[in-house]
Amino acid sequence: MTATITERQWSGLPWLTVTGPREAAFRALGQFAHGEIRAVLGQLPESAPLQRYAARPGGRAALAAGLQAARASHPRELAELSALADGAQLNLETLLLANLRADLGGGDGTGCSDLGWRRERSYVAHNEDAAPALHGRLTVLTLTIDGDAPVTTQWYPGFLPSNTFAITGHGLVCAVTHIPEPAPAPAAGRHFVARALQQSPSLDAAITHLRTHPAAGGFGYTIGEFPTGRVVSVEAIAGRVNATEAYAATQPLLWHTNHARRLTPRTVDVPKTSTAAADPRAQAARSLGSLDESLARGRVLDALEPPVDEPDVGWFLRILTGAPGVYRNADDDPLMTLCTTVADLSAGEVTLQARDRAPTTLTLRDLTR
């Protein structure tokens, strides 16, 4: 069987639907988006330091260990990345290096803000932040792969579709934020773990997946479940996991930015040598020590007063696109907000507002059939 790709748009973002057998689908996606994949990889701020690191013996060994861990625990997701590289006519190592950048101890910016809500109604909301050079590259991707529940996610070409915002045919909505970890665990890369999570049949199964499939680096997950309305915030960092659920009576509002709130990142000693600057662990250690921007966004979200009445989609859009310090404009800031997404789990709808665009709304059914 061959794969098919259809094109459309949602709130100004390109939207691709890929249907077919797994490897054929990702190979076709790589071939279709080969130009975008090369552009994204070339514009990553951390690309040059990563390539220097991979050229050193220690870097080559770390990359080989990352490949071995993915092959052992996530062969299906590794096959997807390999097929994507094959379709784009790139070496697997090229894509693997980008996908493992924070699992090697490197930096990943400090982008994205998440909100979760559960009282009479339930919501999950997300700001997708990235380098300004990636503005116009972010793509909505729907995967209808044989044997899998359909998934619609925001996708950076060249990456496993795993590290942004996803809606699944099992009724899960998952928003993801980067958490820096300078001392990664000897485990599979977090993109592989997050991609596999998308096939979890329930919220409880997703939490169990994260507990039983450790990741080398760190991600924060805000996960909502339709139609139960349950919402949970999960920190999964270097093999450790903390899950905190929203409760109507005591804690209806959850938030997360790009620092660990409940788990403590491990520390690492970086050699003070002339080559330390090329070690991604040094970059991560520096970013971990300078999370002022993430902490500032966190203070804004932490100061929010839960509304007396139930919030609506507009309430979340106003906070994420209008609150000072949360919406990012790349002025004195290395990143910018590319889009804002609000999932209304009670209504079964998702609203997307791309940068400089009006918000538009689709049903969960439209996004996962």
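Before reading on, note that the structure itself is shown above.
Residues numbered from 1 in each chain as written. Predicted model: local features only at pLDDT ≥ 70, side-chain atom pairs only at ≥ 80, totals over all residues. Heavy atoms only, no water.

## Side note on the side chain of Thr244
How we decide: Secondary structure counts use DSSP, requiring at least four H or I residues in a row for a helix and at least two E residues in a row for a strand, with both numbered from the N terminus. Exposure is judged per residue with a 1.4 Å probe applied to protein chains only, and the accessible area is read against the type maximum: over 50% gives exposed, under 20% gives buried, and values in between give partly exposed. Pairs of N or O atoms are called polar contacts if they sit within 3.5 Å, as long as, within protein, a hydrogen donor faces a hydrogen acceptor (for residues adjacent in sequence, only side-chain-to-side-chain pairs). Residue contacts are counted whenever heavy atoms from the two residues lie within 4.5 Å of one another.
You can see Thr244 is positioned in strand β11 (residues 240-245). Judged by its relative accessible area of 17%, Thr244 falls in the buried class. At 3.2 Å, the side chain of Thr244 forms a polar contact with the side chain of Asn242. There is a polar contact of 3.1 Å between the side chain of Thr244 and the side chain of Arg262. Every residue in contact with Thr244, bar those within four places of it in the chain, is listed here: Val232, Ser233, Gln251, Leu254 and Arg262.

## Observations concerning the side chain of Thr17
By the secondary structure assignment, Thr17 is in strand β2 (residues 13-20). Engagement of the side chain of Thr17 in a polar contact is seen with the side chain of Arg8, the distance being 3.3 Å. Beyond its immediate sequence surroundings of up to four residues, Thr17 is in contact with Thr4, Ile5, Thr6, Arg8 and Thr142.

## Concerning the pattern of salt bridges
Worth spelling out the cut-off: A side-chain nitrogen of Lys or Arg and a carboxyl oxygen of Asp or Glu constitute a salt bridge if their distance falls within 4 Å.
Tallied over the full model, the rule gives 20 salt bridges. Of the charged contacts in the structure, one is a salt bridge between Glu36 and Arg137, with a shortest N-O distance of 2.6 Å. Taken together, the positions of Glu36 in helix α2 (residues 34-43) and Arg137 in the loop between β4 (122-130) and β5 (139-145) put the pair 101 residues apart, joining distant regions of the chain. Residue classification places Glu36 among the partly exposed positions, given a relative accessible area of 28%. Among the ionic pairs, Arg328 bridges to Asp333, the shortest N-O distance being 2.7 Å. Its relative accessible area of 2% is what places Arg328 among the buried residues. Residue classification places Asp333 among the buried positions, given a relative accessible area of 16%. Overlapping salt bridges, with partners in common, bring together Arg22, Arg76, Glu77, Glu80, Asp148 and Arg195 in one network.

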